[in-house]
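Analysis of the macromolecular model
What follows is the residue order along each chain.
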Amino acid sequence: MKYRYIEDLINRYFEGATTTHEERLLKDFFQQEEVPAQFAKYTALFCELQEQSTISLPADFDERLRRHIAALEAARTPKTLKTRLLSLHQGLRPLYKAVASVALIITVGVASSEYWSRRVPEPIEYSQPGVHDTQSGSEVARETTGEAVDTLTINNENYQNQP
C-alpha cells in the first residue's frame, strides 16, 4: 500500500465517504506494529474502532427490545372516556349564567345612566298669578341671612350669660 492512498482513505473516512472494505483496510493498517510517524495521531482512533467492532449485543437483546416496543405501543392506545348524558336544563346552565350576567350589567348601566343624567328640576312658582314680589331673590336672601345671624348672636349671648 502506498501512503498517498492511506492519506486519501483517511480524508474520505472523515468525510463519511468510505466503504466498509476501505474502513477495514484502514483498521488493518493501523494494527501494524510500526505505523509511519505522519499517521501516528490516527492510531488510537482506529485501534479503538477495531476494539469496538468486537463488542456484541447481549443474547436477550431482541426480547428486551420487543418488550420495550410493546410497552410503548400499550401506552399509545387511547383510553376510553367516561361520558354521561346531560339534560337540556343542565346543558344550558352555563348559558343561563351568562345571560343573567349580561342582564345585570345592562341594568346597572341603565340605572347609573339615569342617575347621572337627571336634570335639576326647574323651581316651582308658588306665587299666585298676577301677584309679583317687589324684592328680588338676592334681597330676600340678605334679609333672611341677617335675621339668622341676629338670632344666633342673641342665642350666643344668652348662653354666655348663664351662671
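Residues numbered from 1 in each chain as written. Predicted model: local features only at pLDDT ≥ 70, side-chain atom pairs only at ≥ 80, totals over all residues. Heavy atoms only, no water.

In terms of regular secondary structure, the protein is built from six helices and zero strands. What you see in the protein, going N to C, is helices and strands ordered as α-α-α-α-α-α. Taking all contacts inside the protein whose residues are at least 6 apart in sequence as the whole, residues at least 24 apart take part in 33%. In the form shown here, the protein has an accessible surface area of approximately 15,100 Å², with 57% of it arising from carbon and sulfur atoms. (Helix = DSSP H or I, 4+ residues; strand = E, 2+ residues; numbered from the N terminus. Contact = heavy atoms within 4.5 Å. Areas by Shrake-Rupley, 256 points an atom, 1.4 Å probe, with all protein chains shown as cover.)

Moving on, we come to the pattern of salt bridges. A complete count under the given rule lists three salt bridges for this structure. For R12, the salt bridge is made with E22, and the minimal N-O distance between the two is 2.9 Å. Here R12, found in helix 1 (residues 3-15), pairs with E22, found in helix 2 (residues 20-30); they are ten residues apart in sequence, far enough to count as distant. Judged by its relative accessible area of 12%, E22 is buried. A salt bridge links R64 to D60; the nearest nitrogen and oxygen atoms lie 3.7 Å apart. By relative accessible area, D60 is classed as partly exposed at 37%. (Salt bridge = Lys/Arg side-chain N within 4 Å of Asp/Glu carboxyl O. Buried < 20%, exposed > 50% of the residue type's maximum accessible area, 1.4 Å probe, protein only.)

The next point concerns the packing of helix 1 against helix 2. Axis separation between helix 1 and helix 2 bottoms out at 10 Å; the angle between their running directions is 120°. Regarding the angle of helix 1 to helix 2, the classification is oblique. Helix 2 is crossed by helix 1, and the crossing has left-handed handedness. Between helix 1, through Y3, Y5, I6, L9, I10, R12 and Y13, and helix 2, the contact on the second element is made entirely by E22, E23, L25, L26, F29 and F30. Residues of the contact of helix 1 with helix 2, tallied by class, amount to ten nonpolar, no polar and three charged. (Axes fitted to C-alpha atoms, helices over the stretch in contact; angles between N-to-C directions. Parallel < 35°, antiparallel > 145°, perpendicular 65-115°, else oblique. Left-handed = near helix turned anticlockwise from the far one by under 90°. Nonpolar A, V, L, I, M, F, W, Y, C, P; charged D, E, K, R; others polar.)

Turning next to the nonpolar core. Residues I6, L9, I10, L26, F29, F30, F39 and F46 constitute the largest nonpolar core, which totals eight residues. For this core, the secondary structure elements donating two or more residues are helix 1 and helix 2. Contact partners of F39, with chain neighbours within four places excluded, come to Y3, I6, E7, I10, F29 and F30. (Core = buried A, V, L, I, M, F, W, Y, C linked by side-chain atoms within 4.5 Å.)

Time to look at helix 5 (residues 88-116). Under the 1.5 Å per step criterion, the end-to-end length of helix 5 is 42 Å for 29 residues, consistent within 8% with the ideal 42 Å. Within helix 5, the axis deviates most sharply at P94, by approximately 40°. (Expected span 1.5 Å × (residues − 1). Bend = angle between axes of the 7 residues up to and from the residue.)

Quick look at a nonpolar patch on the surface now. A surface patch of nonpolar side chains, about 270 Å² in accessible area, is lined by V102, I106 and V110. With respect to the helices and strands, V102 occurs in helix 5. (Patch = residues over 30% accessible without salt bridge, like charges linked within 9 Å, V, L, I, M, F, W, Y side chains within 5 Å.)

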